[in-house]
Amino acid sequence: MESNYHTLKRTDNQMLMITHLAQLLTYITGFGGLIVPLILWATQKDNVEGMDAHGKAILNFQLSIIVYCILSIPLILIVGLGILLLILIGILAFVMPIVNAIKASNGELPSYPLSLNFVS
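We now turn to the structure provided with this report. (Residues numbered from 1 in each chain as written. Predicted model: local features only at pLDDT ≥ 70, side-chain atom pairs only at ≥ 80, totals over all residues. Heavy atoms only, no water.)

A short note on the packing of helix H1 (residues 13-21) against helix H5 (residues 81-105)
For the record, the criterion: Simply put, an axis is a line fit to the C-alpha atoms, just over the touching stretch for a helix, and the angle between two N-to-C directions goes from 0 to 180 degrees. Only runs of H or I of at least four residues qualify as helices and only runs of E of at least two qualify as strands under DSSP, and these elements are numbered from the N terminus. Here roughly perpendicular refers to angles of 65 to 115 degrees, roughly parallel to angles under 35, roughly antiparallel to angles over 145, and oblique to all remaining angles. Residues count as neighbours in contact if any of their non-hydrogen atoms are within 4.5 Å of one another. The residue classification treats Ala, Val, Leu, Ile, Met, Phe, Trp, Tyr, Cys and Pro as nonpolar and Asp, Glu, Lys and Arg as charged. All others, Gly included, are polar.
One can describe the packing of H1 onto H5 by two numbers: an axis separation of 8 Å at closest approach and a directional angle of 175 degrees. In terms of orientation, H1 and H5 fall into the roughly antiparallel class. Contact with H1, carried on its side by Asn13, Leu16, Met17, His20 and Leu21, involves Pro97, Ile98, Asn100, Ala101, Ala104 and Ser105 of H5 and no other residues of that element. Classifying every residue of the contact of H1 with H5 by side-chain character gives seven nonpolar, four polar and no charged.

Focus: H1
The criterion, for reference: Buried residues are those whose accessible area, probed at 1.4 Å on protein chains only, stays under 20% of the maximum for their type, while exposed residues exceed 50% and partly exposed ones sit between those limits. Here, the arc refers to the directions that run from the helix axis to the C-beta atoms.
When H1 is considered as a whole, its buried residues turn out to be Met15, Leu16, Thr19 and His20. Seen along its axis, H1 keeps its buried residues to an arc of 140 degrees; they face one direction. Contacts from the buried residues of H1 go to helix H3 (35-44), helix H4 (51-78) and H5.

Description of the environment of Ser120
Mapped onto the fold, Ser120 is located in the segment after H5. Separated by 64 residues in the primary sequence, Ser120 and Lys56 have C-alpha atoms spaced 6.7 Å apart.

Brief notes about the pattern of salt bridges
Note the following rule: Salt bridge, as used here: a side-chain nitrogen of Lys or Arg that lies within 4 Å of a carboxyl oxygen of Asp or Glu.
Under the criterion given, the structure shown has two salt bridges. One salt bridge in this structure joins Asp12 and Arg10, with 3.5 Å as the shortest N-O distance. Assessed through its relative accessible area of 19%, Asp12 is described here as buried. The partner of Asp52 in a salt bridge is Lys56, with the nearest N and O atoms 3.2 Å apart. Of this pair, Asp52 and Lys56 both sit in helix H4, separated by four residues, roughly a single helical turn. Taking relative accessible area as the criterion, Lys56 reaches 21% and is therefore assigned partly exposed.

A look at the packing of aromatic side chains
Under the convention used in this document: Geometry of aromatic contacts follows a simple scheme: Phe, Tyr and Trp rings, the Trp one being its six-membered ring, pair when their centres are within 6.5 Å, and the pair is stacked under 30 degrees between planes, edge-to-face over 60, tilted otherwise.
On inspection of all chains with the given rule, the structure shows two aromatic pairs. Between Tyr27 and Phe94 the ring centres are 5.3 Å apart and the planes differ by 90 degrees, which places this aromatic pair in the edge-to-face class. Of this pair, Tyr27 sits in helix H2 (residues 25-29) while Phe94 sits in helix H5; the two residues are 67 residues apart in sequence, bridging distant segments of the chain. Residue Tyr27 is classed as partly exposed on the basis of its relative accessible area, which comes to 42%. Here Phe94 falls in the partly exposed class, since its relative accessible area comes to 38%. The interplanar angle of 25 degrees and the centroid separation of 4.4 Å between the aromatic rings of Phe61 and Tyr112 together place this pair among those described as stacked.

Interpretation note: all reported values are geometric properties and have no functional meaning in isolation.
Dropping the structure here:
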């Protein structure tokens, strides 16, 4: 007799919200903004409805932030605009997880601007 238990996913907007807010660990510990959401996504994507989409959006955003930070380093040395870019990245990386945590708590899909598509 086959069980449908594994195909049922629970609705857990609070878990989705925590996954988005976990990105802010980078501001507290200096790391973790990629690692904790990655672990939550990997362990809960089959259990929580919407976790796969939210987790992929978070991972794409975090990896994009890393790429943009790396690209801004030569811009600091060349024209000094890299500092402005780093400030903008820092603001975006702080505000967007909060905005998307609110969206997740309301059952909406996340939207991270300027995200490159690494995980699809």
